[in-house]
Amino acid sequence: MKLVRCFIIPLMLIIGILFSSCTRENNQDDKIQEAPPAKTYEHVLVIGVDGAGSYFSETYTPNLDRIFRDGSITYDVAVGSISEKVSSWVSLLHGVDYPVHKITAKNLTSPYPADSEFPSVFRAVREQDPGARIAVACSWPTINDSIVEDGIGIDKITKEENDINLADSVCEYLHENGVPKLMFAAFEEVDCAGHDYGFGSQPHIGAITKTDMLIGAIYDTYRELGALDDTLVIVTANHGGYDMSHGGNNRADTKVMFAVSGESVIKNGTPKDMETQDVAAVVMYALGLECPENWTSRVPTGIFEGVGGGSRGVYVSADNTRYRETVPTPKKKSKGYIDRFIKDKPLRYYLTLDGHTTDNCGNTVNATGEYFFTDGIFGEGIRLDGGNLTIPDYTVGDSGFTVATWLKIGGMTADTGWTTIITTKDIGWRAGEGFALFLYYDEKKDAIELAVSVGDGNFGKRVYYPIPADHLDGWVHLIFSHDPETNSIKLAFDFGEFEEYVLDEEMRADSFDGLGTMGIGAEIVNEVNSRFYGGMDELMQFDGCFTEEDVAALGEYYGVNK
């Protein structure tokens, strides 16, 4: 399309100047829609910018500024469990996070199975609207070759590593074929610039400015064809990056922009508690279609008036029951509250994490850094995206104690290293006084282990507990007990039998009381390198060491049959 190319090339000269200067369990209605669509759109345009993260806010984007002037926008969308390239695109396009789809570059098949239990948004639209025109355009061939299904009537456009040619081809396609019901265009060169020059570098953010120009050309073609009034427009990214790569757990890797514009979109709105997998649900909702039953995506609040939030879908596979349906938190003093199940061990701390970080027992809890609330076991749970909680006046008593919590380990990999769950000590100092629970990736075993570190100031001990493979996805319950009478520590997964370890005699830790501050999600001394990027819910601490009967009673509280 020569007209578009004539528009693009002069602006490219300007960009060059800029560079030189710088099986679900819950009900579908609970998951997504509190109200019917105020408007059902004829068209949805989704543009993905590979590797752009939330860096849109740091560079010149005049086209995005005009497109989303009256739209809804956030720079705080969570990528999901891991920010690997393939996995993040699959999550965005197939409506489920990595722990469910389990796809990375290492196990990606080609083509993507057309009968997968996690259909792409394109297949989902096709199955409900057989006559719809659907188009996918990309400059990274893997999207069309291995992430989007073949043989389902999708028009595919691939222009390998050439975003200008891709934009031209999209505009030409629109003029020749008309505006499709769903168009997805994915630009690649921003990610390439991040890997070549560094994410956040001048070439990287300059590449975003170039892509902004290409987005503007596609948007203006929709305008030329008279389709804008009936189009929902979305621009987002699959992941960000830090230094020369991505896949880590810092904010630069795991937070992306999401911008949406359309007649029924909240003006100047801000989507809340959103993950990239939710893009698929937004598309289906805008088109007036139902989400596939195995998707876990949902429409966030802050996009459409009176719509969004609610419980996220829960997927349960045939061999994995680790995904549990959210139920309300029992109210304090009710018959269903925890103190009716465990009566002889006083509750010292109880963080329900139901949209807040307050403690039911009245203790002070401080929250810092990046975190948000999402569906938990009882009510909501917290996702610590680099944030952490601290209890400044933490005490455990001198008669032993038990800590219990639900965890969502998610996509921990070799690059993650180790991450703190809870700690009262410097994990790097083995003999440091206190105790710590942290996750550790053992490269030799290629396995994730739960490590318990205890010390009395002179002697220390670390004990490693292999985590069963089927515990790595979804929610897993953890109980840690210290018994000063037997000088032992005990650990139980999912209300099963305790594994007990008797400490060495010279390291007789009679009490961990009076240790000062407790860190949750990051250690206090060296928190930069040990942050937990995962889910947590229902953090409790009891006086006294749990017995097997106590473990069973806690399982009964959560409705777990043993």
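Just above, that's the structure.
Residues numbered from 1 in each chain as written. Predicted model: local features only at pLDDT ≥ 70, side-chain atom pairs only at ≥ 80, totals over all residues. Heavy atoms only, no water.

Draft legend 1. Region of the structure containing helix α10 (residues 202–224). Across its 23 residues, α10 extends 33 Å between first and last C-alpha, which sits within 8% of the 33 Å expected from 1.5 Å per residue. A positive backbone phi angle near 70° is found at G226, which sits one or two residues after α10. (Helix = DSSP H or I, 4+ residues; strand = E, 2+ residues; numbered from the N terminus. Expected span 1.5 Å × (residues − 1).)

Draft legend 2. Focus on the pairing of strand β6 (residues 231–236). Within β6, 6 of the 6 residues are buried, which leaves the element mostly enclosed by the surrounding structure. Alternating positions in β6 separate into two faces, T231, V233 and V235 on one and L232, I234 and T236 on the other, with burial throughout. Note that strand β1 (residues 43–49) and β6 share 6 bridges and pair parallel. Looking across to β6, one finds that L45 is bridged to V233. (Buried < 20%, exposed > 50% of the residue type's maximum accessible area, 1.4 Å probe, protein only. Pairing = 2+ DSSP bridges.)

Draft legend 3. Structural view of the sheet that holds strand β15 (residues 434–442). Spatial ordering of the open sheet is given by β9-β12-β21-β14-β15-β16-β17, a layout of 7 strands whose pairing is antiparallel. Two strands lie at the open edges of the sheet, namely β9 (366–368) and β17 (460–466), each paired on one side alone. Here the strands of the sheet are splayed against their neighbours by 25° on average, with no regard to which way each runs. When β9 meets strand β12 (residues 388–394), the two strands line up antiparallel, connected through 3 bridges. Among the inter-strand pairings, T368 is bridged to a residue of β12, identified as N388. (Axes fitted to C-alpha atoms, helices over the stretch in contact; angles between N-to-C directions.)

Draft legend 4. Highlighting the pattern of salt bridges. The full count for this structure, using the stated rule, is 16 salt bridges. Among the salt bridges present, the one from D220 reaches R66, with a minimum N-O distance of 3.0 Å. Of this pair, D220 sits in helix α10 while R66 sits in helix α3 (residues 62–67), and the two are 154 residues apart along the sequence. A relative accessible area of 21% means that D220 is categorised as partly exposed. (Salt bridge = Lys/Arg side-chain N within 4 Å of Asp/Glu carboxyl O.)

Draft legend 5. How the structure looks around the packing of aromatic side chains. Applying the stated criterion across every chain, the model contains 19 aromatic pairs. Aromatic pair F401 and F480: ring centres 6.1 Å apart, planes at 65°, arrangement edge-to-face. You can see F401 sitting in strand β13 (residues 401–408) and its partner F480 sitting in strand β18 (residues 475–483), a full 79 residues away along the chain. Residue class for F401 comes out buried when judged on its relative accessible area of 1%. Relative accessible area serves as the criterion here: at 0%, F480 is assigned to the buried category. Consider the rings of F435 and F480, whose centres lie 5.7 Å apart with planes at 25°: the pair is stacked. Pair noted here: F435 is in strand β15 and F480 is in strand β18, with a separation of 45 residues, a long-range link. Under the relative-accessibility criterion, F435 is labelled buried at 0%. Each residue in the set F341, F378, W406, F495, Y557 and Y558 is aromatic and connected to the rest through ring pairs, giving one cluster. Directly above the ring of Y41 sits K39, whose terminal nitrogen or CZ lies 5.2 Å from the centroid. (Phe/Tyr/Trp six-rings, centres within 6.5 Å; stacked < 30°, edge-to-face > 60°. Lys NZ or Arg CZ within 6 Å of the ring centre and 35° of its normal.)

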